[in-house]
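Chains, contacts and geometry: an overview
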Amino acid sequence: MNQSLGLVSLVVRDYDEAIAFFVGTLGFRLVEDSPVPEQGKRWVVVSPPGAAESQLLLARASTPEQESRIGAQTGGRVFLFLYTDDFWRDYTAYRARGVVFVREPVEQPYGTVAVFQDLYGNQWDLLQPSAAHSRMRSGG
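Each value, and the rule that gives it
- Residues numbered from 1 in each chain as written.
- Predicted model: local features only at pLDDT ≥ 70, side-chain atom pairs only at ≥ 80, totals over all residues.
- Heavy atoms only, no water.
- Helix = DSSP H or I, 4+ residues; strand = E, 2+ residues; numbered from the N terminus.
- Rg over C-alpha atoms; globule rule 2.2 N^0.38 Å.
- Salt bridge = Lys/Arg side-chain N within 4 Å of Asp/Glu carboxyl O.
- UniProt positions renumbered as here; feature names shortened; annotations may be inferred.

In the nomenclature of an unreviewed UniProt entry, the chain is known as VOC family protein of Tahibacter harae.

So, in structure tokens, the structure goes:
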């Protein structure tokens, strides 16, 4: 049996500001931006550069309860893990583009990592896995 996560939904305040951040600031690829007229919504999907399967559905909050979750989908824990093949390239580029890092880079047994916030305050790990960790993840 083969399975994979198709999309992870991220509750956002506004489609266009979310696209500007994820595509313009983080360098993600805009996979789809289609209207859903019967619901007054859009189907907006972004993906990290080079990613084959991992994609985010940018879902605009449509109720007060959903709005209360913007930026706090995991209660302050790191929410998403952005793996990179060059930590220092991406860390330097993100800082230059104004991305806020709430934990500075550290070397861990599993790789080089720093925590940043997206435009809503969700926390992300920027992580370049160590060679040993990469082998373990791939089953090698």
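Scanning the chain from N- to C-terminus turns up four helices and eight strands. Shown N-terminal to C-terminal, the secondary structure of the chain runs as helices and strands in the order β-α-β-β-β-α-β-α-β-β-β-α. Over its C-alpha atoms the chain spans a radius of gyration of 16 Å, differing by no more than 12% from the 14 Å that the globule rule assigns to 140 residues. By principal-axis analysis of the C-alpha atoms, the chain measures approximately 50 × 40 × 25 Å.

This model, assessed by the stated rule, comprises seven salt bridges. Arg42 is paired through a salt bridge with Asp16; the nearest N and O atoms lie 3.0 Å apart. Remark: Asp16 occurs in helix H1 (residues 15-25) and Arg42 occurs in strand S3 (residues 41-47); sequence separation between them is 26 residues. Arg89 is paired through a salt bridge with Asp85; the nearest N and O atoms lie 2.8 Å apart. One salt-bridge network, in which partners are shared between bridges, spans Asp16, Asp33 and Arg42.

What UniProt calls "domain: VOC" (unreviewed entry) maps, in this numbering, to residues 4-129. Annotated as residues 4-129, this span is 21% helix and 43% strand, and its ends, taken at the C-alpha atoms, are 21 Å apart.

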